[in-house]
Amino acid sequence: MPTPEILRRKYNPLDHYITLTVIFTAFAFKLEWQIVILAVLVAVTVFSTNRKRIYRGFLKFVLPLILIGFLINGLFFTGSIAFAVGPLKFKDQGLVFASAVAVRLTLIVIAISYYFSRVRSETMAEYLVAKGADRRFVYIYLLSVAMVHLMRDKLQKIYTAQSARGLDTTRNIFTRARYLLPMLVPLSYSYIAESLDRGTALRAAGFSDRKYSRLNAPVPIVQIEVNRRGLLEGRIILAAAICFWVLRLTKWL
Amino acid sequence: MAEAVSRFEREVNATTIPLIAFGAALNIVVGQAVQLIKLPLYLDSIGTILIACVVGPVAGMLTGAFANLTLGFFFNYAFIFFIPVTLVIGAFSGLVAKIGVFRKWYAAIPAGLVQGVLAAVASAPIAAFMFGGVTMGGTDFLVLYFRAIGKSIVQSAFLQGLAADPVDKAVSYLIVYFLLTRIPKSILLRLPGYANA
């Protein structure tokens, strides 16, 4: 039996420890400390080669959320007026609440963007399996990511075909709602049948959650090389954040 | 606990794993279909409800969770925080499927309405405390309105959910019912929960 070629992938756990630490601080620390951590994070990521990717998600999804949050909470919270723009009176309590939400969201989003700008999702999945995560979860995740792209292409083809047969998106809402079925039925039918066949193939190949099934041989096809220095540094950073939080909580600091 | 583990093992195995992945992908792709035909609904739980019906509540919960994880990682991070809501949707759909709500269209609609109320209850605290009541879901003007008439932030987020979710979930349940009636019996019989359809 030929030995499968082993793929070697490098993984630095420092990346996920930094992300975990930032997410922890976003929930556990007070606003002033969150702002300090955010400033450090921005200073670090702004010099990163992946900065465009990191900030794209923030600008696209979080910035509009934050601006509307300031508007709604600033205007409709009770409390004293911080400032007024014409007839619009912004309350200080609302602005403080909106600031807390904004800082927390920014921290979380930049931390997650930072992680995925450094680590590919396949490498993350392989690392999780190597660390003992249930292989079924990893398989579901990877398969669903792959299926999204395939199903989108297929949906577009079905839409084009149905448009050629008279599907009209300018008609009233109930007619348009009825158009969903001619699009979803062929898509679901073909993918349910395909999923069942795939399931049969998996079962025949001996896929299971057990450590040594035939698809999870003792010699893994992908080998993850973990950066030990990064692992140590990451653990120190997370432990320091937790210690700092405990000391603040117990009033030692 | 032993019962939960046994149910998990029964519902998440080699046969059902590709179905769960399909359900998660369907949740995401239906969003695209809704945009293509310009419907003012989310319908982002159809995959969760379908899998909860044809496999079971645990599989439904996993479907919702993985759909939101994938959406969160690749499209919009906000979805990650709403995973608890998808767990509620998966669990409820799986449980009501067992009493036969997907066998008659007139049973699917009230079940969908109740599902919508539960989804609103589950999502309100997340929307309020994580996002300050704003989720960019297209119904934020309702939060603005409820805040303007003096409701608290949690109440506003809940009422906004209550205004949008029951209709959305009732339509989703109805679509799943129609999907199940149009899928051939030969395929349905191969599904673990075919008796629910």
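What follows is about helix α9 (residues 153-182) of chain B. Compared with an ideal rise of 1.5 Å per residue, which puts 30 residues at 44 Å, α9(B) spans 43 Å between its outermost C-alpha atoms and is within 8% of the ideal. Of all the bends in α9(B), the greatest reaches close to 30 degrees and is centred on Asp165(B); the proline Pro166(B) follows between one and four positions later.

Below, the discussion takes up the domain arrangement of chain A. Residue and element names in this part refer to chain A. Entries for chain A in the domain assignment read domain 1 (7-119 + 228-253) and domain 2 (121-221). Distance from the C-alpha centre of domain 1 to the C-alpha centre of domain 2: 33 Å. Taken together, the contact between domain 1 and domain 2 spans nine residues of the former and seven residues of the latter. Between domain 1 and domain 2 the total buried area reaches about 710 Å² when both faces are included, carbon and sulfur atoms providing 66% of it. Where domain 1 meets domain 2, there are zero salt bridges. Summed over the shared surface of domain 1 and domain 2, the number is zero residue pairs in polar contact (both at pLDDT 80 or more). With four residues, strand β1 (residues 7-11) is the single largest residue contributor to the side of domain 1 that touches domain 2. Residue classes in the side of domain 1 that touches domain 2 are distributed as six nonpolar, one polar and two charged.

In many analyses, interface size is given as the accessible surface area lost on bringing the parts together. Contacts between the two partners involve 60 residues from chain B, matched on the other side by 64 residues from chain A. Carbon and sulfur atoms supply 79% of the area buried between chain B and chain A, which totals about 5,900 Å² over both sides. Taking the shortest distance from any N to any O, the salt bridge between Arg190(B) and Asp197(A) comes out at 3.1 Å. Where chain B meets chain A, there are six residue pairs in polar contact (both at pLDDT 80 or more). Residue classes in the side of chain B that touches chain A are distributed as 48 nonpolar, six polar and six charged.

Calculation notes
Residues numbered from 1 in each chain as written. Chains lettered and ligands numbered in written order. Predicted model: local features only at pLDDT ≥ 70, side-chain atom pairs only at ≥ 80, totals over all residues. Heavy atoms only, no water. Helix = DSSP H or I, 4+ residues; strand = E, 2+ residues; numbered from the N terminus. Expected span 1.5 Å × (residues − 1). Bend = angle between axes of the 7 residues up to and from the residue. Domains from an automatic or database assignment. Contact = heavy atoms within 4.5 Å. Buried area = accessible area lost by both parts, 1.4 Å probe. Salt bridge = Lys/Arg side-chain N within 4 Å of Asp/Glu carboxyl O. Polar contact = N/O pair within 3.5 Å; in protein donor to acceptor, adjacent residues only side chain to side chain. Nonpolar A, V, L, I, M, F, W, Y, C, P; charged D, E, K, R; others polar.

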